[in-house]
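# Overview (structure and organization)
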Amino acid sequence: MELDQVIRGALFIIVGVGALVAYFWGSNFILDRTITDRLGPDGDPIESREKTRESIRPWLFVGPALLILFVYLVFPAIQTFYLSFGDKQGNVNITVPVYPEVVNDFNVNTTTPLNVDRILVIRDAIVEDYPAMADIVAEDFAGLATNGDGIDYLFKVGGVELEQDFVLLRNYEWAFNPDNDQFWESVRNNLLWLLVPVMSTVFGLLIAILADNVRWGTIVKSFIFLPMAISFIGASVIWRFVYYYKGADIPQIGLLNAIIVALGGEPQPWITFQPWNNFLLMIILIWVQTGFAMVLMSAALRGVPEETKEAARIDGANEVRLFFNIIIPQIMSTILVVLTTITITVLKVFDIVQAMTNGQSGTQVMANLMFNEMFRGQDDGHSSVVSIILMLAVVPILVWNIRQFQKQEQGR
Amino acid sequence: MMNTQIPILKMSVGAFLVRLALIVLVIVWTVPTFGLFISSFRDKDQLAVSGWWEALGTVQSNSQARTGAATDMIERDGQFVIAGNIFPEDSSESVVSFGGGFLPANDSLADRDTTGIKDYSSGDTIELADGSTFTLNKDGSYEWVSDVAIESERGERFFYVAEVPPSFSFQNYTNVFENDNIDQAFINTLTVTIPSTIIPIVIAAFAAYAFSWMEFRGRQVLFAFVVGLLVVPLQLALIPLLRLYGSTGLLNTYPGIWLAHTGFGLPLAIYLLRNYIGGLPREIIESAKIDGASHFSIFVQLILPLSMPALASFAIFQFLWVWNDFLVATVFLGTTPDNIVMTVSIKDMLGTRGDKWEVLTSAAFISMFVPLVVFISLQRYFVRGLLAGSVKGG
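Residues numbered from 1 in each chain as written. Chains lettered and ligands numbered in written order. Predicted model: local features only at pLDDT ≥ 70, side-chain atom pairs only at ≥ 80, totals over all residues.

## Comments concerning the overall build of chain B
Helix and strand content of chain B: 15 helices and nine strands. For 394 residues, the compact-globule estimate of 2.2 N^0.38 gives 21 Å, and chain B exceeds it by more than 25% at 33 Å. If you line up chain B on its principal axes, its C-alpha atoms span 110 × 75 × 35 Å. Taking all 394 residues of chain B together, the buried fraction comes to 41%. For chain B, restricting intrachain contacts to residue pairs at least 6 apart in sequence, the fraction spanning at least 24 positions comes to 73%. (Helix = DSSP H or I, 4+ residues; strand = E, 2+ residues; numbered from the N terminus. Rg over C-alpha atoms; globule rule 2.2 N^0.38 Å. Buried ≥ 20, exposed ≤ 12 C-beta atoms within 10 Å, placed from the backbone. Contact = placed C-beta atoms within 7 Å.)

As structure tokens, then:
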């Protein structure tokens, strides 16, 4: 069975990559053959259609990428936004005016939320079954008809205006409700987790500077860098073993508790020990991300011109002033890049929390809340709101990124 | 040579502190992994009772044993004897002390353990109330000698402290392969990872070339858009994609997750490759064009071979990211034995068997092995990718 799977996998790679190559090669081939230059009677081209060909070709090259980006990122992002206004199943609901005559037929009452498709079915059925009411129905449903996406919520029934509850923002109300402890806890924790980019950057910079002073610096850097290859789940196993608690008064097999006992302290069940457990989870991510920060810092430090440093030294600056007044400003842009990159990772932090505590004991974060609402709560509406808020948190970084990119392009 | 000073004495205080700090940092960074690594080779019973830092030395462990029953009794020189060994054959353990159970308490000891486990030292012969004698030797052999027949249906219980010398084996790894389907999960992970790495590279390389060297309307805007997508959290796409997959039958299939990883990896792939391909000298492309080469052949024959370092950088990124991914696999591939990947499998073990360290340690290392090898052997490319992958400040 396993061999079967290996063969199946290999086959798909061949077929999949083959299909891709066939597409790129084939589409170019077809383009060259269909939009050909007009030839004169003697076989010489009389009209080149190269311009036409070359205006189509780029789209053959970028087409698949754009299609996949659209299907996997753009379209889902838009739909998530839409779903954030919906109910558990993601239906955007409005309450319809219900005619006494049809209550029984359609098993609805005045407070039944219905989605747009169902409403339109009901409208058509009413008109069919009660031709006499056709005019009134048409009038009542007029708003709906002109606003087919169903975000209309004002109806008239028999001349009396009925205002629909503003259910659209229900999920947002759920999220921002002061009583929604889970949500506020995850907001608080996500903010707390911003310590991670700061600490990773500080450690990364520190190690990059120190390691440049010794011959075996590269070996040191390799060791610090290594956790980047380890999955967050693997890292969670490693650190859960460090934090492990075996119960009071028996030998501890977790390193942290063993050290504490050796120093004369009391062992603690760290994972559930509020509020410190949050910081213990953060240590895992700092442990992983410091290597990343270090590599970028190292490269940036190497980019600081030796002459600048020499000049400062000649002017009598000591090493500390040199560092804060010369080096830091020179590598500022890299520091910002590192901070923002790790910040994005932190905002999305999920695996570690899911594996260590599943958000219990005061450690909930947005991404985990979103996951739990989706899988355990089966509530796409709640879940969508949380991911929209996550997205909003990223927007400033997104804008900054694009600005930086455009600046870079102008300098090209 | 002239200079015979010990190097460390030549060092200034500052230089010494720098070295000390670096050593401390390296220790802090590696010890957690090292501990887990050592533990994965330890005997599972030792693993549960003693810290891994004790694994290199001899460990004392408390156990209990039972003597043979009356049926094992033999007659020797007119006496009745029940003899045997509490350790299995070839055991490297040795008895330190024993007591408790059917043995009389040794009240001469000042602070006696309530279980009596330290009442007697190995080699001691103890006289029981009925006049029989019991001897337990260091090697675990015991003799219970009596003048009259010993009546014991099930044998008698006692406690002992044993010294266990360090022992390491692949037993935990063998067990995890046999009992926890880790081998299947390993193959599943590989099945997910390889296509998920190759497909985005092919698609992104063509797009990156077009963004770098072809003229078309909206090129700048579209690429800025890709830069924007770099930071979009994939959480934003999960629910709609889950619905789409549900209705198209792609849910819990390998092609489904390959495409998902392709979609999530494409922005970085396009960005990285475009930075590299766009930085190639213009003359190469221009002269090839003058020679009458088409964009397609320029790309395939010229650009692709030149871009190998960038392709390798992204390949390592994507490989590590997909191999180590937990979220996408959980959502799109599920947890059936035919589909489950290692991260998801280990997460399940953490949840249900948080104390089974012999399983967790070995499973975790099996999952880390491939990425660590890839990472260590191709670190140069990975670093290059990291440096190119972050949007550079102005």
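## Brief notes about the environment of alanine 65 of chain A
With respect to the helices, strands and loops of the structure, alanine 65 of chain A is situated in helix H2 (residues 50-83). Measuring from C-alpha to C-alpha, the distance between alanine 65 of chain A and isoleucine 328 of chain A comes to 39 Å, with 263 residues separating the pair along the chain. When residues no more than four places from it in sequence are discounted, the contact partners of alanine 65 of chain A are Ile203, Ala204, Ala207, Leu266 and Ile270 of chain B.

## Considering the packing of helix H10 (residues 217-225) of chain A against helix H2 (residues 13-40) of chain B
Direction vectors running N to C along H10 of chain A and H2 of chain B enclose 30°, while the axes themselves pass 9 Å from each other. It follows that H10 of chain A is roughly parallel to H2 of chain B by the angle criterion. Considering only the axes of H10 of chain A and H2 of chain B, their crossing is left-handed. Two secondary-structure elements touch here, H10 of chain A through Val220, Phe223 and Ile224 of chain A and H2 of chain B through Leu22, Leu25, Val26, Trp29 and Thr30 of chain B. Here the residues of the contact of H10 of chain A with H2 of chain B are counted per class, giving seven nonpolar, one polar and no charged. (Axes fitted to C-alpha atoms, helices over the stretch in contact; angles between N-to-C directions. Parallel < 35°, antiparallel > 145°, perpendicular 65-115°, else oblique. Left-handed = near helix turned anticlockwise from the far one by under 90°. Nonpolar A, V, L, I, M, F, W, Y, C, P; charged D, E, K, R; others polar.)

## A word on the interface of chain B and chain A
Counting residues at the interface gives 81 residues for chain B, matched by 90 residues for chain A. Counting residues per element, the side of chain B that touches chain A draws most heavily on helix H5 (residues 182-213) of chain B, at 15 residues. In terms of residue class, the side of chain B that touches chain A is made up of 60 nonpolar, 18 polar and three charged.

## A closer look at unusual backbone geometry
Cis rather than trans, the peptide bond between glutamine 274 of chain A and proline 275 of chain A has omega equal to -10°. Inspection of the secondary structure assignment puts proline 275 of chain A in the loop between helix H12 (255-262) and helix H13 (276-302). Its identity is not glycine, yet aspartate 77 of chain B carries a phi of approximately 50°, on the positive side. Following the sequence through the fold, aspartate 77 of chain B ends up in the loop between strand S2 (74-76) and strand S3 (79-85).

## Regarding H13 of chain A
All names here are of chain A. Its 27 residues place the ends of H13 38 Å apart at the C-alpha level, agreeing with the 39 Å of an ideal helix rising 1.5 Å per residue. The largest bend along H13 reaches roughly 35° and is located at glutamine 289. Where burial is concerned, most of H13 is hidden: 20 out of the 27 residues are buried. (Expected span 1.5 Å × (residues − 1). Bend = angle between axes of the 7 residues up to and from the residue.)

## Focus on helix H11 (residues 308-324) of chain B
For H11 of chain B, with 17 residues, the first-to-last C-alpha span of 24 Å sits near the 24 Å given by 1.5 Å per residue. Of all 17 residues in H11 of chain B, 13 are buried; the element is thus mostly enclosed.

## Here we look at the packing of helix H4 (residues 171-179) of chain B against helix H14 (residues 357-377) of chain B
Residues and elements named next belong to chain B. Where H4 contacts H14, the two axes come as close as 9 Å, and the packing angle between them is 85°. One element, H4, and the other, H14, form an angle in the roughly perpendicular class. Between H4, through Asn172, Tyr173 and Val176, and H14, the contact on the second element is made entirely by Glu358, Val359, Thr361, Ser362 and Ala363. Each residue belonging to the contact of H4 with H14 can be placed in one class, and the counts come to four nonpolar, three polar and one charged.

## A short note on the sheet that holds S2 of chain B
Across a sheet, paired strands are connected by hydrogen bonds in the backbone, their directions being either parallel or antiparallel. All names here are of chain B. Pairing within the open sheet is antiparallel, and its five strands lie in the order S2-S3-S8-S7-S6. Each edge of the sheet is formed by a strand with only one pairing partner; in this case those strands are S2 and strand S6 (125-127). Between one strand axis and the next, the sheet turns by 25° as a mean value, whatever way the strands run. (Pairing = 2+ DSSP bridges.)

## What to know about the confidence of the model for chain A
All names here are of chain A. Of the residues in chain A, 80% reach a pLDDT of 70 or more, and the chain-wide mean stands at 79. Counting contacts from residues 94-98, a segment whose pLDDT is below 50, to residues more than four positions away or on other chains yields 18 contacts. Across residues 145-166, confidence stays below pLDDT 50; counting only partners more than four residues off in sequence or on other chains, it has 33 contacts. (pLDDT = per-residue confidence, 0-100.)

## Describing the domain arrangement of chain B
Residues and elements named next belong to chain B. In terms of domains, chain B is made up of domain 1 (10-56), domain 2 (59-164) and domain 3 (174-389). For domain 1 versus domain 3, the separation of C-alpha centres amounts to 33 Å. At the interface, seven residues of domain 1 touch six residues of domain 3. At the level of elements, H2 and helix H3 (44-49) are the ones that each hand at least two residues to the side of domain 1 that touches domain 3. With four residues, the single largest contributor to the side of domain 1 that touches domain 3 is H2. The residue inventory of the side of domain 1 that touches domain 3, partitioned by class, reads four nonpolar, two polar and one charged. (Domains from an automatic or database assignment.)

## Structural notes on the confidence of the model for chain B
Residues and elements named next belong to chain B. The predicted model of chain B has a mean per-residue pLDDT of 84, with 95% of residues at 70 or higher. Considering each helix and strand of chain B separately, the mean pLDDT is smallest for helix H1 (residues 7-10), with a value of 54, and largest for helix H12 (residues 327-332), with 92. Across residues 1-6 the pLDDT falls below 50, and counting only partners more than four positions away or on other chains, this stretch makes one contact in the model.

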